[in-house]
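Residue-level structural notes
Here is what each chain is made of, one letter per residue.
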Amino acid sequence: MPLVNNKVGDDCTVGTDKVLVDGKAQVDSLIKVVACYRHLASCVGGCTDSLQLRDELRQTREKALKLSVSICNHLTSHLRNKSLPEGQRKEMELLWVAFSSSLELLHVDMCKVFNISDIFSLANTDALVQTGLQGGGSEVAARALSLPDLNIAPNPTLPAGLESQERSTMEQEISQMDRMIDDMEMKVNVMRWMVESHGPQHAEALSSSDSASLALLSVDEEQPGHQPPCQRSNIHVLLLLFAVVLVAATLSVCIIFFT
Amino acid sequence: MTIRNPLRDHGQRYRPRIACLKKAEKVLLEMQDLKTGVKSQPQRLVITTIPHAITGEDIIAWLADRFQVDTQEARSFGSMLVALGYIYPLQDHKRLVIKPDASLYRFQTPYFWPTQQWPVEDTDYAIYLAKRNIRKKGILEVHEQEHYNRLHKWMNHKWDFIVMQAKEQYRAAKERKKPDRVVFDCQERAYWVVHRPPPGTVSAMDYGLDRLIDPNADEAKTPDFYARIMIFTQQSIMRPRVKSSVSLGALVKYCATYNNHDPFLSKCLPSNPWLTDDVTYWTLNMPYVEIPTKMRVERWTFSFAELLSDPRGRNDFRLFLKKEFSGENLAFWEGCEDLKWGEAATMREKAEHIYKTFLARGAPRWINIDGKTMEITVKGLKHPHRYVLDAAQTHIYMLMKKDSYGRYQKSPVFKETVKKAICPEEHHFTDAQLEQNAKKRRPSLSPIILRQMEQEQRAKMAANVDITQLCRFTTPVPHLAVYSGITDFPSANASPSLPFLAHSPACPSPISVALDSTSASERRVEAGEGEGEGNPAAQAPAGGNVSKSRMALSLQRLLKRGCTPATLFASLSPKCHSAAGTSSRIQPISPDQPSQAPPRRIGNFFQIKVDIPPECRIYPIESEDEDEENRAASRGGVGAKEIICPWESLTPQNGTG
């Protein structure tokens, strides 16, 4: 987003620039938290479901709600400010759209977790679906909460009232989100068809070092038609072999040469 | 945007309940049980092993054992579970079937199970595709790329969000351990294969139309709710019953007859557009095509309804009837259909027009319906509504069906059509051609254009109508002045009626000579004429144009009333001379006559109350006595607001009213 490059020489816009930058940072972190929440939510009901996971979910949820409340206030106050210049307003509206979309995603995820935890109670671990997952979501939760490490002593016992308490808390949080979303829509009128996004259609590839997991995935598929990944992994293997051969040849040459 | 306002929201957006989902969930929970479920084994990959993989044959064996069914059925059941998305294949992930061999499957995590409550969102799909693009550019398949472009266009306002979220999800996934990351990727991929299948595949999640009411919402048990249930059950009880042998026989006959004509059950020539994306079939079977196909023509012989419902067939039939000079039947039937299905605003005019054209005595295209039906119709026309011509329409329909339809099928017109009908060759497309066809798909003609075409057709029809086809019944029969009298009511004048009575018999007499039909209704008319004539005679005509004194007014009315038939038919009746003689009586008023006669005339035979009570009374088919009473009663009460019917031509007053 080009917001950060918006070094307008005008003094009076410096303040609003800061506002924008602030808002953007907050929205970015909300997006991050929502993404992590989704990853954690996908583990619920599976074999790695545990109290710890639920706890992590709860913490992530709280953080997300806190962030969203603050963004809501921030953006609402600025968008209702009629004296906002046009360029700033457009940027604000973009942020607004991003914020409301993340809220929707979070809302759906929360509802899903609520329902799934309804069906899959932790008391009966046999019923949890064997999904093939092995590790928990601790790293993801750590990322969400922006903590380097998550040190939670796992609680072995299951207090009787914990689940129902959690459920009621979740219900409250979900209804709080509903109210916030409704409020948002009532207070600020952002016409979504007027908002234009800046970014490219295709996100650029983040890193090329992910070919390993790609290789894992492609080994799964034994389709003859699915050529490119197989060829790619074949090429990697061949290259590796070639490199090894080369090294061996060099070594042997060195040995012969120096002996 | 998922924010909804439940109060003013009338959109149909709730998916209907897919009842099998809950049942499949139960089965799945049993299946994955460690002790009693399907045996699982670890899946060995290059670097790691991932547990909880199950083989296809194990699944099928377990299902066959659990439900005590044979392997074929267990296999279909297993395939259904895979198609719904509860189990996903690890190899060959795009084909959602169970293979009865050692190919591996895994259970889907509950987060990705198909649910009733939350429809699959396009936002999520966009994020997923963006994530795949991030991982490796160019990995998207053609249909996925198309989806991606389309979503980019429609969700442009949140595209930044989508890209950002995709990146964040990707980074969050990298925090996880490798095997878990692989599993999550497989899960997500399987989810989207189920919910966004590639084109040409059958999706188990197809569910038809969306509903207006949320099936997940609990319905409040209000009195209205129970009232609805009561009405429903009462109506179920009142439904007429048919013996199952009869109804099943009808079903079997229908299936046998139409089996070859169903494009899905049997071969469709040239090719089924839904399967091959080639629209020749539809263009050959357009509503008003010149040369119909053989199958279409064969369908016309199945039943008369088929012939009439097909526009091309109807045209053919119309041509045949034109040659036989009985086109008015079909025209009347079409007019009635138009009345039934048309707009309410023009209903009255249409009813009048139809009456004038087809039903009135001396109408240009008089149709032959029996007296009883005619009475009912005419009575109903006093308070016209959509179904007022139903009885007559049914009569004519039966007439056409029993008589003309048979002759049509033996006629040269039909034989010519059968000879010219085409039978297209079957297409044989290769796979490459099929793909080409799929790419060349275009939307069909817009409904606006289709409607314009239909209107043009109708205009052409109307222009070609041969109104001058007179049949032997088009001689004007004027004595039905009595009917004319019915509509206006004598709000007053018992006293003037006596002298009027003296006049009335005199007037119709010359005309009655001209009578050549003696239906019972007419006889009755004559009987009732005496009393009827007097009352209506005193009735006020088209109001507003008479500003004389009351007495003078009533006298005028009397004279007009009593003698209008005479004057009107004077021009038409072959025996007009005698009638003309009586017309001398009305000479004094004759200057007024021309201006007033048209509106009055109309008022006579066809008075439509504009103050019709909201609930239109539907006159049931009653006995003749009741008819009499009703007629007499209705004479007494109707207000006199007449409608001007611009009726100048041949047929004047038709008292069939």
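Residues numbered from 1 in each chain as written. Chains lettered and ligands numbered in written order. Predicted model: local features only at pLDDT ≥ 70, side-chain atom pairs only at ≥ 80, totals over all residues. Heavy atoms only, no water.

A word on the interface of chain B and chain A. With 73 residues of chain B at the interface, the matching set in chain A holds 75 residues. At the boundary of chain B with chain A, total buried surface from both sides reaches about 7100 Å², with 58% on carbon and sulfur atoms. It is Tyr-111, Trp-118 and His-157 of chain B that lose the most area in chain B upon contact with chain A, and together they represent 12% of the buried surface on that side. The tally of links between chain B and chain A comes to four salt bridges. Note that Arg-143 of chain A is salt-bridged to Glu-175 of chain B, the shortest N-O span being 3.9 Å. Between the two partners, chain B and chain A, sit twelve residue pairs in polar contact (both at pLDDT 80 or more). Mapped onto the side of chain B that touches chain A, the elements with two or more residues apiece are β2 (49-55), β4 (104-107), α4 (122-135), α5 (142-154), α6 (159-175) and α7 (178-195) of chain B. Among the elements that make up the side of chain B that touches chain A, the one with the highest residue count is α6 of chain B (15 residues). (Contact = heavy atoms within 4.5 Å. Buried area = accessible area lost by both parts, 1.4 Å probe. Salt bridge = Lys/Arg side-chain N within 4 Å of Asp/Glu carboxyl O. Polar contact = N/O pair within 3.5 Å; in protein donor to acceptor, adjacent residues only side chain to side chain. Helix = DSSP H or I, 4+ residues; strand = E, 2+ residues; numbered from the N terminus.)

What follows concerns the side chain of Arg-132 of chain B. Residues and elements named next belong to chain B. Relative to the assigned elements, Arg-132 resides in helix α4. By relative accessible area, Arg-132 is classed as buried at 13%. Within polar-contact distance, the side chain of Arg-132 engages the side chain of Glu-144 at 3.0 Å. Contact partners of Arg-132, with chain neighbours within four places excluded, come to Ile-139, Leu-140 and Glu-144. (Buried < 20%, exposed > 50% of the residue type's maximum accessible area, 1.4 Å probe, protein only.)

Another point: the pairing of β4 of chain B. All names here are of chain B. Neither face of β4 is open: one carries Leu-104 and Arg-106, the other Tyr-105 and Phe-107, and all of them are buried. Summarising the sheet, β2 and β4 pair through two bridges and their orientation is antiparallel. By the bridge assignment, Ile-54 is partnered in β4 with Tyr-105. Judged from the three bridges that link them, strand β3 (residues 87-89) and β4 form a sheet pairing that is antiparallel. Each bridged residue has a counterpart across the sheet, and for Pro-89 the counterpart in β4 is Tyr-105. (Pairing = 2+ DSSP bridges.)

Let's shift gears to the pattern of salt bridges. Counted by the stated rule, this structure contains 34 salt bridges over all chains. Among the salt bridges present, the one from Arg-143 of chain A reaches Glu-168 of chain B, with a minimum N-O distance of 3.0 Å. Residue Arg-143 of chain A is located in helix α4 (residues 138-144), and its partner Glu-168 of chain B is located in helix α6; the two belong to separate chains. Here Arg-143 of chain A matches Glu-168 of chain B in class, with each residue buried. We note a salt bridge from Glu-144 of chain B to Arg-132 of chain B, for which the minimum N-O separation is 3.0 Å. Taken as a pair, Glu-144 of chain B in helix α5 and Arg-132 of chain B in helix α4 lie far apart in primary sequence, twelve residues in all. Members of the salt-bridge network, linked through shared partners, are Arg-143 of chain A together with Glu-168, Arg-171 and Glu-175 of chain B.

Below, the discussion takes up the pairing of β2 of chain B. All names here are of chain B. Across the seven residues of β2, five count as buried, placing the element largely inside the fold. Where strand β1 (residues 41-44) meets β2, three bridges bridge the pair, whose relative direction is antiparallel. When the sheet's bridge partners are listed, Gln-41 is paired in β2 with Ala-53. Linking two consecutive strands that pair antiparallel, namely β1 and β2, is a turn of four residues.

We now examine the confidence of the model for chain A. Residue and element names in this part refer to chain A. Looking at chain A, the pLDDT average stands at 77 and 76% of residues meet or exceed 70. Contacts for the low-pLDDT stretch residues 1-12, under 50 throughout, to residues beyond four places or in other chains number nine contacts. Across residues 219-229 the pLDDT falls below 50, and counting only partners more than four positions away or on other chains, this stretch makes 18 contacts in the model. (pLDDT = per-residue confidence, 0-100.)

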